[in-house]
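# Reading the structure
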Amino acid sequence: PNKHKRVWCLIDEATNLPLVKVDEQITWVRSYSILLIFYFQNFARWEKAFGKTALEVLLSEAEIILVMPATRNPKTLEMTSKMIGEEAVVVPHYRANRELGQYGTEVADYKEESNPILDPFTLRTMNRGALRIRQNPRALVDLPSIAEIHPWRSAVSGSPMYGFRPYLKPIK
């Protein structure tokens, strides 16, 4: 194969395919400029289908990870929360005996804690997707319908359930 020509391979519902040695294949195909794009429902399904090592390889080798809004799987939500990262917060830390200071106020030390930027509950209820591109900071993105994107919205035909009326939304 020609290593200088890029080949894009889109694999929808990847966890339903009988792929073998996925963890080895992912790294091998990258060396030949083959770009794999996997679509699947959640990380737990991927791990069940291909194993824990394959999930670790996927997460470390993936150039782009997009977690869709309203994801429900707890493991996927937890992993996404960790991927997005944490922020440092300074909070008061009261001593056990709650001493009163010189002016009759409570004495507190301050310490730095880390809180997730987005916790799993917030991720589950958001209407935005979480996007990671390479090692750049994670971003929250709006995912418009194809009926909201100008060049492609005219290519979308109407649904027979709704009398073939065109499904057009305001352009974003």
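Thresholds, definitions, all that
Residues numbered from 1 in each chain as written. Predicted model: local features only at pLDDT ≥ 70, side-chain atom pairs only at ≥ 80, totals over all residues. Heavy atoms only, no water. Helix = DSSP H or I, 4+ residues; strand = E, 2+ residues; numbered from the N terminus. Buried < 20%, exposed > 50% of the residue type's maximum accessible area, 1.4 Å probe, protein only. Contact = heavy atoms within 4.5 Å. Axes fitted to C-alpha atoms, helices over the stretch in contact; angles between N-to-C directions. Parallel < 35°, antiparallel > 145°, perpendicular 65-115°, else oblique. Nonpolar A, V, L, I, M, F, W, Y, C, P; charged D, E, K, R; others polar.

### Section: the overall build of the chain
If you tally the helices and strands in the chain, you get 6 helices and 7 strands. Secondary structure elements in the chain, listed N-terminal to C-terminal, are β-α-β-α-α-β-α-β-β-α-β-β-α. With 172 residues in all, the chain has 25% of them scored as buried. The long-range fraction of contacts in the chain, counting pairs at least 24 apart against all pairs at least 6 apart in sequence, stands at 59%.

### Considering the packing of helix H2 (residues 43-50) against helix H4 (residues 74-84)
In a pair of packed helices, the angle between the axes and the distance between the axes together describe the arrangement. Contact geometry for H2 and H4: axes closest at 7 Å, N-to-C directions at 110°. Put simply, H2 runs roughly perpendicular to H4. The residues of H4 that touch H2, namely those facing Phe 43, Ala 44 and Glu 47, are Lys 75, Thr 76, Met 79 and Thr 80. Of the residues in the contact of H2 with H4, the class split is 3 nonpolar, 2 polar and 2 charged.

### Comments concerning unusual backbone geometry
Negative phi is the rule for most residues except glycine; trans is the rule for most peptide bonds. In this model, Glu 13 sits at a positive phi of 50°, which is unusual for a non-glycine residue. Owing to a relative accessible area of 29%, Glu 13 belongs among the partly exposed residues under this scheme. Here the phi dihedral of Ser 33 falls at roughly 60°; this positive angle occurs in a residue that is not glycine. Structurally, Ser 33 can be placed in the loop between helix H1 (22-30) and strand E2 (34-38). Residue class for Ser 33 comes out partly exposed when judged on its relative accessible area of 22%.

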